[in-house]
Amino acid sequence: MPKIGNIELPDFPLLLAPMEDVSDPPFRALCKEQGADVVYTEFISSEGLIRDAAKSVLKLDIYEKERPVGIQIFGAELDSMLQAVDIVEQSNPDIIDINFGCPVKKVVCKNAGAGILRDIPLMVKLTEEIVKRTKLPVTVKTRLGWDSNSIKIVEVAERLQDVGIKAISIHGRTRVQMYKGEADWRPIAEVKNNQRMQIPVFGNGDVDTPEAALKMRDEFGLDGAMIGRASIGYPWFFKEVKHFFETGKHLDPPTMPERVDAARRHLQMAIDWKGEKLGVFETRRHYTNYFKGIPHFKEYRTKMVTSDDAVDVFAAFDEVLEKFGDFQFA
Ligand SMILES: Cc1cc2nc3c(=O)[nH]c(=O)nc-3n(C[C@H](O)[C@H](O)[C@H](O)COP(=O)(O)O)c2cc1C
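Residues numbered from 1 in each chain as written. Predicted model: local features only at pLDDT ≥ 70, side-chain atom pairs only at ≥ 80, totals over all residues. Heavy atoms only, no water.

The protein is annotated in an unreviewed UniProt entry as tRNA-dihydrouridine synthase from Flagellimonas pelagia. The heading Cofactor (unreviewed entry) in the UniProt record of the protein holds the text "FMN". According to its UniProt record, the protein has this under Function (unreviewed entry): "Catalyzes the synthesis of 5,6-dihydrouridine (D), a modified base found in the D-loop of most tRNAs, via the reduction of the C5-C6 double bond in target uridines." (UniProt positions renumbered as here; feature names shortened; annotations may be inferred.)

If you want it as structure tokens, here you go:
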């Protein structure tokens, strides 16, 4: 069974990917309930943390019920990253994850995120110092390389292991690819097949069906799957994958009452955590998926995503349940 430091995980664990404005405490709690084995926070700027920027600090909140949870930081400047590690430790996460994969220009141009893939010695150096700074297990999330001509992930992963990381998650795209094309899991399998690798190697990118997860496990031999977009507004994905692994059969999709219940709890947790205004606003992006596939749903969806008042959104959920309560999802 794979382990991240001393954290024991089940066979082929499913990890919730760090996702900006998505992987917040309410969403992580729902994914955990549905079977996610490890959850990660969205990325948090080291510079923001050390400036005590309120937005960054709020992202450090974790709930006991979601453990094991990893807090992900990004940056490219050693001193700020080390200070950020000290701040992150005070939130008592189970794991500290370093983001070496974000492809966004404003991050990359500062050499952070995937930008660091152009400077592997710096990547290794930062990681080594972070590992030395903390007693928590450190993990890395990265991409295959900067572009298709510079894929050195086998060597990179080995060097990161040698400076002490406890697991690596690899998104099967290069920075230049951003999110285009298909994720290529073959280089990730090469990392796993490297005889010197001992830490878990988790695959990421396009695991959007239980079959894809099975393929990642059986054909590519990876240690677990990190799941991002397939879970947005669909935390049941984790349970569906596990059910498929156990039985070879697809679980029935969640019923309308289950979806409404999840949407309600999601909104309530978000309000409890961030207050009504932000809670209502930031939960909106999940509703499309919660209620995907229902015909003539636009009127209700519009209510959910345009109302600023929680009472109205909760009322829209009630209305949906009344009108579509026995809708059969495909
Ligand atoms: C909305 C969104 C936000 C993301 N934010 C982050 C982030 O904060 N940190 C990170 O390492 N990756 C981030 N990613 C990348 C995902 O973690 C993941 O690598 C990518 O979506 C590929 O996996 P998937 O095909 O399962 O979605 C984000 C992706 C999306 C769609």
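Anyway, onward from the coordinates.
(A) Structural context of the nonpolar core. If you look at the biggest cluster of nonpolar residues, it comprises 108 residues, and the most contacted ones within it are Ile-4, Ile-168, Tyr-287, Phe-291, Met-304, Phe-317 and Val-320. Each of domain 1 (3–247) and domain 2 (256–325) contributes no fewer than three residues to this core. Not counting residues within four places of it along the chain, the set of residues in contact with Ile-168 comprises Val-140, Thr-142, Ala-157, Leu-160, Met-197, Ile-199, Pro-200, Val-201 and Phe-202. Listed in part, the six residues of the second largest apolar core include Phe-43, Cys-102, Val-107 and Ala-112. (Core = buried A, V, L, I, M, F, W, Y, C linked by side-chain atoms within 4.5 Å. Buried < 20%, exposed > 50% of the residue type's maximum accessible area, 1.4 Å probe, protein only. Domains from an automatic or database assignment. Contact = heavy atoms within 4.5 Å.)

(B) The arrangement of the pattern of salt bridges in detail. All told, the structure shown has 23 salt bridges when counted by the stated rule. For the salt bridge of Arg-67 with Asp-94, the shortest nitrogen-to-oxygen distance reads 3.1 Å. Taken together, the positions of Arg-67 in the loop between α3 (54–58) and β5 (69–74) and Asp-94 in the loop between α4 (78–89) and β6 (95–100) put the pair 27 residues apart, joining distant regions of the chain. Here Arg-67 matches Asp-94 in class, with each residue buried. Among the ionic pairs, Lys-274 bridges to Glu-282, the shortest N-O distance being 2.3 Å. (Salt bridge = Lys/Arg side-chain N within 4 Å of Asp/Glu carboxyl O. Helix = DSSP H or I, 4+ residues; strand = E, 2+ residues; numbered from the N terminus.)

(C) Inspection of the UniProt feature "binding site: FMN" (unreviewed entry) in the protein at higher detail. Within the UniProt annotation, "binding site: FMN" (unreviewed entry) is assigned to Gln-72, Lys-141, His-171, Gly-228 and Arg-229. Along the polypeptide, Gly-228 turns up in the loop between β10 (224–227) and α10 (237–247). If sequence neighbours within four positions are ignored, Gly-228 has contacts with Ala-17 and Met-19. The exposure class of Arg-229 is partly exposed, given its relative accessible area of 46%.

(D) Molecular detail of the UniProt feature "active site" (unreviewed entry) in the protein. Residues annotated in UniProt with the feature "active site" (unreviewed entry) correspond here to Cys-102. Considering the arrangement of structural elements, one finds Cys-102 in the loop between β6 and α5 (105–108).

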